[in-house]
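Spelled out, the chains give:
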Amino acid sequence: MKWLSDLFDSFRPQFEKRGNLAFLKPLYEAIEFIFFYPPARTATAPHVRDPLDIKRYMSIVIVALLPSICASIWFFGPRILLMILVSYAVGGLVEVIFACVRKTEIHEGFFVTGILFPLILPPATPLWVVAVGIFVGVFFGKEVFGGTGHNIFNPALVGRLFITISFPTILTSGWTAPGAWRGAVDAVSSATPMALAKTQGVLTPATDLLLGIPSGSVGETFRIGIIVGGIFLMLTRVSNWRVPVSYLVSVCVFAFVAGLFGWAPATAEGGASAFSFALFNLLGGSVLFGAMFMACCPVTSCYTLPGKYIFGIGCGVLTVLIRVFSGYVEGVMFSIVIMNSFAPLIDHVVLQMRYRSVETQGN
Amino acid sequence: MTFNGGYNVMLEGAPSPGIAPYQKPEVLYLPLFSESLDFSNLQVEHGEAVTKGQILAKDPINFSVPLLAPMDGTVNLERAERHIALENLSSAKEGAAMQAEDENQRQTLLRMGVWSSLARVDSGRIPDPENTPACVVIPVSRLEPFFPDAQTLLKDALEQFGAGLDLLHKILGDTEVMLICAEHDSGIKSQLQTVTAERSAWLKLFEVPELYPFDSPALAAQLNDLNPEKTWATDLQAVLAVRAAIEDNHPFVKRIISVSGPMVDSPGHHQLPIGYPLADLGFRNGGVPLRVVNGGVLTGTAVESAQLGLDCGCRSLNVLEEMTKREVLAFVQPGFTKRSYSNTFASFFKPLFKEKFTTALGGEARPCVFCGFCESVCPAGIIPHLIYRYLDHDRPEDAYRVEFDKCIDCGLCSYVCVSKINHLELFRAERQRAIAEAIEGE
């Protein structure tokens, strides 16, 4: 690797203070530091540090997404790679411009946003829509708040929300059937399980959902892969288990309750049982993907431990409410974004309750 | 009793038990400072001949605790800056120990250099000899890498330890005493149980899991509902020194210190006089730059190159390699040799192993992403990232509202931080500021 380090050394003067390309220093450093870590040392106690850093932390999320990514390429074709490429290119550009203007480092949070965003889009989304969506997500969802760590909303969801509202026809007509690109199925496009349930009262069987046979967003169809990836994230401690678990449990519980009250869609047999409606709500749509990869985002969910449960339960209740009562067929995106906006308030209340006793003692 | 958080840093180079011999020094370099002391009030002149136990300097701020001559010799004030060099050394004849004057026994401890081993749990400062604690906490098992091993310190000294505890209890106004012992340490535990059995009225054994930092006196005070303002801490060697000072008139001028860490060839214990030249310890030559840490690797301070001899607060030296290499694609390596609090490295599948840590930060500094690791390792049950944010925004009153005063200074939050934020540094700065303010208020 000596030649590479020499190469970086030869380029570096261009990006230093008086160099021609000084304004691109964040970009240069980001690329150099991917290959060669800066030899940063501890200055004071603790003199040793845990080897995990933010680059690896974020990379682990991508590793956890690999089953979903691979499955989506298998289902929807190499087009998905193009969508990912566009997402990274446009989002990365926004990130680089902001870093250069602010004269700060390029933060790694973008690695995750850039891959999550295409995975929550319908597979037939035009590339220019991908570009617009990720631009809005990174720009308005993250950078205007101050960058990674300061954003209130999940940037990928902000982008998704924007294009859902701006281009409703594109977003609802583009449901390609998995396997259609290589002629594995007859139909080119098909209704999603959530739409089928809402309009025709048909609950897709759980095994079909797990294997990813029905259509859906790019990354949400192969649910076994999502479950494996999500559990991997929890085991590595990169995601805190409290949010996904409370989210999924509350979706089950409230869908079951909705089923008991007879709010479940009627099927040909005269009404789905509460249990099968709960199972369908757990596996159908993007609940699994949302819970495992979006809701548990540590920056935009609650940081207090009780807050994490409240956040997860709130997401679950809202998801079921939107699915059962609203005009939309899916409520995951809205519920997470709504709960994102409540997260600071939940944390505030939790802290108030937890430290109230301290205050009264002090007075 | 419930214990929150905690984490063991598996560092290579634990000191082997037993005391290894050392080379006799030619010169002693007594630093006029230590982490908590500043001996600005000189009591000797250049060229003066001094005897073992004679007061060389005092710290006027901390109740005039003295710096004592560890051996007979001649004072040289010009040999090194901020040090008293002691030349023409000769061991004092046995029996020529200092004569106890008819004085208060607390004054004896002060004059014999033992008092400076006591610390208040709330501030870490040396307590006022006029005050009386409600409880003295003594961590016997030490869980931070690395400190002298209790087995080595207590070898053939159990009776003396008991006698020292009796004296400490009596001198400090019938105070209660609590010994902290790790549960796994069955050898030490049974020995301590024989000591506590005869003194159960005032001596308590507090058993903790073998997990850093449950040996912390401040944490023991919190978990046992002791008033931190009236709780003092000291260590095992100081208890032995109390007995030696009172019964044998021996000044506390020699310490058993552990010299350990990954960059020491044969990590072990040495009994060394204060001022022993660091250069004679022989770890400063190895081709790679080294960092010598005075104390444990999580909470200790780096020894500056200007410091030439052991200071009087030193209990252990840990030697690490200074990181100078640049790792290639470090974040995508499987990581069989790196163990992390998270399970993100391949070493997760290996059994526990001792790791060769360097001073590498292991990444770049970034804004907090609220991963929550600091909160889950925190033994005090507080939220370090929240407190850091308050202090960083200059809102100390909010930091205290979320129980910043519970922080026990263990450094685990900084250790696990993914964004490489150093909470400990800011927390210590705030505590210093608060102490300075309190002193000014008095």
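Residues numbered from 1 in each chain as written. Chains lettered and ligands numbered in written order. Predicted model: local features only at pLDDT ≥ 70, side-chain atom pairs only at ≥ 80, totals over all residues.

(A) Representation of the pairing of strand S11 (residues 176–182) of chain B. Residue and element names in this part refer to chain B. Counting buried positions over the seven residues of S11 gives six, a clear majority of the element. With five bridges connecting them, strand S10 (residues 135–139) and S11 associate as parallel partners. Residue pairing in the sheet places Cys-135 in a bridge with Glu-176 of S11. Following the backbone out of S11, through helix H4 (residues 186–197) and into the adjacent parallel strand S12 (residues 203–208), one traces a crossover that is right-handed. (Buried ≥ 20, exposed ≤ 12 C-beta atoms within 10 Å, placed from the backbone. Helix = DSSP H or I, 4+ residues; strand = E, 2+ residues; numbered from the N terminus. Pairing = 2+ DSSP bridges. Right-handed = clockwise from strand over helix to strand, strands pointing away.)

(B) Looking closely at unusual backbone geometry. Residues and elements named next belong to chain B. For the peptide bond that leads from Pro-145 to Phe-146, omega is -20 degrees, which places it in the cis range. Along the chain, Phe-146 turns up in the loop between S10 and helix H2 (150–154). A cis amide bond, omega 0 degrees, links Tyr-212 with the succeeding residue Pro-213. Examined against the element boundaries, Pro-213 turns out to sit in the loop between S12 and helix H5 (217–223). With phi around 55 degrees, Lys-420 is a residue other than glycine that occupies positive phi space.

(C) How the structure looks around the interface of chain A and chain B. In this complex, chain A contributes 43 residues to the contact, which on the side of chain B involves 57 residues. When residues of the side of chain A that touches chain B are traced back to their parent elements, those giving at least two are helix H2 (25–35), helix H3 (54–76) and helix H16 (332–362) of chain A. A per-element tally of the side of chain A that touches chain B places H3(A) first, with six residues. (Contact = placed C-beta atoms within 7 Å.)

(D) Seen up close, the confidence of the model for chain B. Per-residue confidence for chain B gives a mean pLDDT of 90, with 97% of residues at or over 70. The ipTM for the predicted assembly is 0.90, set against a pTM of 0.91. (pLDDT = per-residue confidence, 0-100.)

(E) Quick look at the environment of Leu127(A). Residue and element names in this part refer to chain A. With respect to the helices and strands, the residue Leu-127 is situated in helix H6 (residues 127–141). Sequence-wise, Leu-127 and Ile-80 are 47 residues apart; in three dimensions their C-alpha atoms are separated by 9.8 Å. Setting aside chain neighbours within four positions, we find Leu-127 in contact with Leu-82, Met-83 and Val-86.

(F) Layout of the domain arrangement of chain B. Segmenting chain B into domains produces domain 1 (19–248), domain 2 (254–321) and domain 3 (361–441). Domain 2 of chain B and domain 3 of chain B are separated by 28 Å when their C-alpha centres are compared. (Domains from an automatic or database assignment.)

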